[in-house]
Amino acid sequence: MAAAKKAVLGPLVGAVDQGTSSTRFLVFNSKTAELLSHHQVEIKQEFPREGWVEQDPKEILHSVYECIEKTCEKLGQLNIDISNIKAIGVSNQRETTVVWDKLTGEPLYNAVAAPVSPGPSDPVAVVPSGSSVPAAGAASVWLDLRTQSTVESLSKRIPGNNNFVKSKTGLPLSTYFSAVKLRWLLDNVRKVQKAVEEDRALFGTVDSWLIWSLTGGASGGVHCTDVTNASRTMLFNIHSLEWDKELCEFFEIPMKILPNVRSSSEIYGLMKISHSLKAGALEGVPISGCLGDQSAALVGQMCFQDGQAKNTYGTGCFLLCNTGRKCVFSEHGLLTTVAYKLGRDKPVYYALEGSVAIAGAVIRWLRDNLGIIKTSEEIEKLAKEVGTSYGCYFVPAFSGLYAPYWEPSARGIICGLTQFTNKCHIAFAALEAVCFQTREILDAMNRDCGIPLSHLQVDGGMTNNKILMQLQADILYIPVVKPSMPETTALGAAMAAGAAEGVGVWSLEPEDLSAVTMERFEPQINAEESEIRYSTWKKAVMKSMGWVTTQSSESGDPSIFCSLPLGFFIVSSMVMLIGARYLSGMP
């Protein structure tokens, strides 16, 4: 019997979407933006100490190989010819820091993540040079807090009237960004120090590690990054679009270990066969798109116009507003970052960014810590049962507050409780908290840009929750617009790859962009009620601040006897009580 004829769909483009908790490979039709197939692999996070978050770079890489292989198998089952895949784009978790040996291809330490909240005090002391540290082979992920003391010592060297770090990078000096994590590795991991001394070390964010490995690794791999990822390191001048010598000297980072900075859309190199792939199916396919995940979502949402904004609802929320070709520096606690540069000769576009630390994470907290739901999806059912928080407000500042407050002393609170309050009200309040935090970011953006948004484009896993989306429209008091195809981050990476010079299978001209079906949520409450609820939320936020006053308050011995006067009082009281009982029982 003759083999089934392969479906002809025109040029296809693949996208690696490497996130904090999983890796995916997705394949799109470049003419229709239709998602044809994908595969996802969960990846582990390691927590060697409180406040430390790491991932194994080799596990990340192997997960990419596995996703590519499985997706190609699924396409084969659909009779789709994988030889039509003409390009591959990469989207990645930003700020997560990897250092590896360019001669062996081996990571020199785990990937170190950026912290869940850039600013809160690190409850763990930094390991002195030469002390024992977790085994090599991991990376510093974006959630990690170990670098707080590094930040504190660096901040003392910045003149109060000349914050050259922020003016050059658009970023505050924070544990969140790659430079301080790299500084920590250079100070504390002997293998990294030795590799730098011997000119064997390479540094990069996850995109750099993946592109270098996928294009040959130790056998000629391309060491590069794109402008969006470079702009999150605190070593990159967002005006000149180059690594900045003054910043590298300030952080004492050797420039020779940094990747070459390229645009977000150009051919970086070609896929090489890996022993991890059975057939090396995509050998020779160009890797031609690279964007940090939030920039990729901005492109995937087609926010190409000055003033367009998107909000991604994941572990946290990331709201980006395209500010066009001009850098807008925020006076309200937002970050200035590179949005994209879609070609070597194309202009760079900038964005204002605000981050909500805890979004989807608050749902997991209700599930894993309180046990009031068994699955994340149950939150919508509980909230729907009551339709109100009944005056209960939840501020999930588990490790401080992000923009616009940048307040490390804050901690989570649930307030407004009555005897009537039950788990349904708390579930509703948790969803409202995500929406209120987004409103705070949007208000700050409106003040910085001077033009209020007419609607908000949304994406991310939490947007499947219709209660959340309606609440967001009510609290913002503007329409919320959700694309029917939710994979906007991967789509953005695919668009950049397909549009690259030398590939040219995806047009980014406005008249050629595929129309996307949208679901629209309109406000259903009056403006006065929306404002009352928002003002009460802000009162709750004020109550959450000032809980942590010193580092020792959270890192010290939790035993009550760590306080000598208190311990003496308790012991003497116990002796007196026992003595009294003994005396009262005597004849």
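In short, a report on the structure. Throughout this description, residue numbers start from 1 for each chain and increase along the sequence as written. In view of the model being predicted, local features appear only for residues whose pLDDT reaches at least 70, and side-chain atom pairs are presented and counted only at 80 or more, with totals across whole chains, interfaces and linings using the full set of residues. Side-chain measures were taken over the full set of non-hydrogen atoms in the model, leaving aside hydrogen atoms and water.

Considering the overall build of the chain
Item 1. Secondary structure elements follow DSSP: runs of H or I of four or more residues count as helices, runs of E of two or more count as strands, with numbering from the N terminus. Counting its regular elements, the chain contains 17 helices and 24 strands.
Item 2. The buried share among the 587 residues of the chain stands at 58%.
Item 3. Sequence-distant contacts in the chain: of pairs separated by 6 or more residues, those separated by 24 or more amount to 75%.
Item 4. Carbon and sulfur atoms make up 55% of the accessible area of the chain, which totals about 24100 Å². Burial here depends on accessible area, computed with a 1.4 Å probe over protein chains only, as a share of the maximum for the residue type. Under 20% is buried, over 50% is exposed, and the range in between is partly exposed. Should any heavy atoms of two residues lie within 4.5 Å, those residues are counted as being in contact. Accessible areas in this description were obtained via Shrake-Rupley with a 1.4 Å probe; residue shielding takes into account the shown protein chains only.

Quick notes on the environment of R232
Item 1. Its location among the elements puts R232 in the loop between helix 7 (227-230) and strand 11 (236-237).
Item 2. In this view, R232 contacts R94, E95, L171, Y176, F177, S178, L335, T337 and E353; residues no more than four positions away in its chain are not counted.
Item 3. As used in this structure description, the phrase polar contact means that two N or O atoms lie within 3.5 Å; if the pair is within protein, one of them must be able to donate a hydrogen and the other to accept it, and residues adjacent in sequence are counted only when both atoms belong to side chains. At a separation of 3.3 Å, a polar atom in the side chain of R232 contacts the side chain of T337.

Re the packing of helix 12 (residues 423-449) against helix 15 (residues 527-544)
Item 1. All axes here are fitted lines through C-alpha atoms, helices being fitted over the stretch that makes contact, and every angle between N-to-C directions spans 0 to 180 degrees. Following both chains from N to C, one finds helix 12 and helix 15 inclined at 95 degrees, their axes separated by 10 Å at the closest point. One way to sum up the angle between helix 12 and helix 15 is to call them roughly perpendicular. Residues F428, E432, A433, F436, Q437, R439, E440 and D443 of helix 12 form the contact with helix 15, whose participating residues are S530, E531, R533, Y534, W537, K538 and V541.
Item 2. Polar here means any residue outside two lists: the nonpolar Ala, Val, Leu, Ile, Met, Phe, Trp, Tyr, Cys and Pro, and the charged Asp, Glu, Lys and Arg; Gly therefore counts as polar. Grouping the constituent residues of the contact of helix 12 with helix 15 by class yields 6 nonpolar, 2 polar and 7 charged. Each angle is binned into one of four classes, with values under 35 degrees roughly parallel, values over 145 roughly antiparallel, values of 65 to 115 roughly perpendicular, and all other values oblique.

Some remarks on the sheet that holds strand 1 (residues 12-18)
Item 1. On the basis of which strands lie adjacent, the open sheet formed by 6 strands has the order 3-2-1-5-15-14 and mixed pairing. Of all the strands in the sheet, the pair left with one neighbour each is strand 3 (35-42) and strand 14 (265-270). Shown here is a sheet whose adjacent strand axes are inclined to one another by a mean of 25 degrees, direction ignored.
Item 2. Two strands qualify as a pair provided that DSSP identifies no fewer than 2 bridges between them. Inspection of the sheet shows strand 14 paired to strand 15 (residues 286-292) by 3 bridges, in the antiparallel sense. Residue G269 lies in a different strand from strand 15, and its bridge partner there is I287.
Item 3. Docked against the sheet, helix 9 (residues 293-300) engages strand 5 (85-92) and strand 15, running at close to 100 degrees with respect to strand 15.

Focus: the sheet that holds strand 18 (residues 335-340)
Item 1. The 7 strands are arranged 18-19-17-16-22-23-24 in an open sheet whose pairing can be described as mixed. Of all the strands in the sheet, just strand 18 and strand 24 (518-521) have a single pairing partner and so form its edges. Across the sheet, the axes of successive neighbouring strands diverge by a mean angle of 30 degrees, strand direction being ignored.

As for the pairing of strand 5
Item 1. For strand 5, a buried count of 7 out of 8 residues is recorded, marking the element as mostly surrounded by other parts of the structure.
Item 2. In terms of strand pairing, strand 1 meets strand 5 through 7 bridges, oriented parallel. When the bridges of strand 5 are listed, V13 appears paired with A87.
Item 3. The pairing of strand 5 with strand 15 spans 5 bridges and is classified as parallel. Bridged to I88 within strand 15 is I287.

Quick look at helix 5 (residues 190-197)
Item 1. Among the residues of helix 5, those classed as buried are V192, Q193, A195 and V196. Projected down its long axis, helix 5 shows its buried positions confined to an angular sector of 165 degrees, all on one face.
Item 2. Contacts made by the buried residues of helix 5 are with strand 6 (97-101), helix 4 (178-188) and strand 9 (201-205).
Item 3. Of the residues one or two after helix 5, D199 is the one with positive phi, at around 60 degrees. The directions considered for the arc are those from the helix axis to the C-beta atoms.

Considering the layout of surface pockets
Item 1. In the cavity and pocket records, a cavity denotes points on a 1 Å grid over the protein atoms alone where a 1.4 Å probe fits but cannot get out, a pocket denotes an open set with protein on both sides within 12 Å along at least 5 of 7 lines, and lining residues are residues with an atom within 4 Å of a point. Grid points are joined across faces, edges and corners, and a volume is the space filled by probe spheres set on the points. Here the second largest pocket defines a volume of roughly 740 Å³.
Item 2. Taken together, 32 residues form the lining of the second largest pocket, with F304, L342, L508, E509 and L513 sitting closest to its centre.
Item 3. Taken together, the residues of the lining of the second largest pocket break down into 17 nonpolar, 10 polar and 5 charged.

What to know about empty space enclosed by the protein
Item 1. In this structure the tally under the stated criterion is 2 cavities of 30 Å³ or more.
Item 2. When its volume is computed, the largest cavity comes out at roughly 60 Å³.
Item 3. In terms of lining, the largest cavity is formed by S355, V356, A357, L401, Y402, A403, P404, Y405, Q437, E440 and W537.
Item 4. Within the residue set of the lining of the largest cavity, elements represented by two or more residues are strand 19 (349-356) and helix 12.
Item 5. Residue composition of the lining of the largest cavity, grouped by class: 8 nonpolar, 2 polar and 1 charged.
Item 6. Approximately 30 Å³ is the volume found for the second largest cavity.
Item 7. As for the second largest cavity, its lining consists of A357, I358, P396, A397, G400, L401, Y402 and Q437.
Item 8. For the lining of the second largest cavity, the class distribution of residues is 6 nonpolar, 2 polar and no charged.

Some words on the nonpolar core
Item 1. Think of a nonpolar core as a cluster: buried Ala, Val, Leu, Ile, Met, Phe, Trp, Tyr and Cys residues, connected wherever their side-chain atoms sit within 4.5 Å. Ranked by internal contacts, the top residues of the largest apolar core, which has 109 residues, are M234, F251, Y313 and L456.
Item 2. Of the residues forming this core, the biggest block, 15 residues, is contributed by helix 12.
Item 3. The residues touching M234, leaving out its near neighbours within four places in the chain, are V165, T169, L171, P172, L173, S174, F177, A179, V180, L247 and F251.
Item 4. V27, V41, V64 and I80 belong to the second largest nonpolar core, which has 36 residues in total.

Everything listed here is a matter of coordinates, which is why it stays silent on function.
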